[in-house]
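Fold and contact review
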Amino acid sequence: MVKRILNYLGWLIVAILLGFLHMRIVLGAPPESDDDKFSFASMVYEWALVQVGAIVGCVIALIFILFDVFYLNNKLQGNSKATLFRFIIISIIAAIVGVTHYILENVIDVI
């Protein structure tokens, strides 16, 4: 049981990193300023990157963990490439969540 929880904790970290990557792509490069340490634009950029990236990562993790518990565990028992397949699945889920976020934010203007 502890091994399974630690395994899902690792996948949670991967999902949050994918959420940060998504937000880095959406936000673009950090804003340039004269004062490198404290600027309002860089603080807002970092806040959006961390807060929204963490939320998007948690959504990715929730979808992946539910999919893994209810479907993938039965299909991948005894498979030597299960970790690679799970990484591909979490990447696909991240792409679907990213496209959904983009559509809701820019096309439909709900977010």
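Refer to the preceding data block for the structure.
Below or above, wherever it landed, is the structure these notes cover. (Residues numbered from 1 in each chain as written. Predicted model: local features only at pLDDT ≥ 70, side-chain atom pairs only at ≥ 80, totals over all residues. Heavy atoms only, no water.)

1. Regarding the overall build of the protein
If you tally the helices and strands in the protein, you get three helices and zero strands. Reading the secondary structure of the protein in the N-to-C direction produces α-α-α. By the compact-globule yardstick of 13 Å for 111 residues, the protein is too spread out, its C-alpha radius of gyration being 17 Å. C-alpha atoms of the protein, sized along the principal axes, occupy 55 × 35 × 20 Å. Going through the 111 residues of the protein one by one, you find that 28% of them count as buried. Long-range pairs, those at least 24 residues apart, make up 65% of the contacts in the protein with a sequence separation of at least 6. Here the protein displays about 7900 Å² of accessible surface, and carbon together with sulfur accounts for 70% of that area. Within the protein, the 8 negative side-chain charges are centred at a point lying 26 Å from the centre of the 7 positive side-chain charges. (Helix = DSSP H or I, 4+ residues; strand = E, 2+ residues; numbered from the N terminus. Rg over C-alpha atoms; globule rule 2.2 N^0.38 Å. Buried < 20%, exposed > 50% of the residue type's maximum accessible area, 1.4 Å probe, protein only. Contact = heavy atoms within 4.5 Å. Areas by Shrake-Rupley, 256 points an atom, 1.4 Å probe, with all protein chains shown as cover. Lys, Arg positive; Asp, Glu negative; His and termini not counted. Charge placed at Lys NZ, Arg CZ, Asp CG, Glu CD.)

2. Structural notes on the nonpolar core
Ile-60, Phe-64, Ile-90 and Ile-93 are the most contacted members of the largest nonpolar core, which totals 16 residues. Among the secondary structure elements, those contributing two or more residues to this core are helix H1 (2-27), helix H2 (40-75) and helix H3 (82-107). Looking at this core element by element, the count peaks at six residues for H3. In this view, Ile-90 contacts Trp-11, Val-14, Ala-15, Leu-18, Ile-60 and Phe-64; residues no more than four positions away in its chain are not counted. (Core = buried A, V, L, I, M, F, W, Y, C linked by side-chain atoms within 4.5 Å.)

3. Looking at H2
Spacing of three or four residues puts side chains on the same side of an α-helix, whose turn is 3.6 residues. Here H2 spans 49 Å end to end across 36 residues, near enough to the 52 Å set by a 1.5 Å rise per residue. In H2, a bend of some 50° at Asp-68 exceeds every other bend along the element. (Expected span 1.5 Å × (residues − 1). Bend = angle between axes of the 7 residues up to and from the residue.)

4. Considering the pattern of salt bridges
As enumerated under the stated definition, the model contains one salt bridge in all. Of the charged contacts in the structure, one is a salt bridge between Arg-86 and Asp-68, with a shortest N-O distance of 2.7 Å. Residue Arg-86 is located in helix H3, and its partner Asp-68 is located in helix H2; the two are separated by 18 residues in the primary sequence. A residue is classified by how much of its surface remains accessible, and Arg-86, at 12% relative accessible area, is buried. (Salt bridge = Lys/Arg side-chain N within 4 Å of Asp/Glu carboxyl O.)

5. Brief notes about the side chain of Asp-68
Asp-68 sits in the buried class, given a relative accessible area of 1%. Setting aside residues up to four positions removed in sequence, Asp-68 forms contacts with Tyr-8, Asn-73 and Arg-86.

6. Observations regarding the packing of aromatic side chains
Within the structure shown, the criterion is met by two aromatic pairs. A centroid spacing of 5.2 Å and a plane angle of 50° characterise the contact between Trp-11 and Phe-64, whose relative ring orientation is tilted. With a gap of 53 residues between them, Trp-11 in helix H1 and Phe-64 in helix H2 connect regions that are remote in the sequence. Classification of Trp-11 as buried rests on a relative accessible area of 8%. Of the residues examined, Phe-64 reaches a relative accessible area of 1% and is grouped as buried. (Phe/Tyr/Trp six-rings, centres within 6.5 Å; stacked < 30°, edge-to-face > 60°.)

On their own, these measurements won't tell you what the molecule is for.
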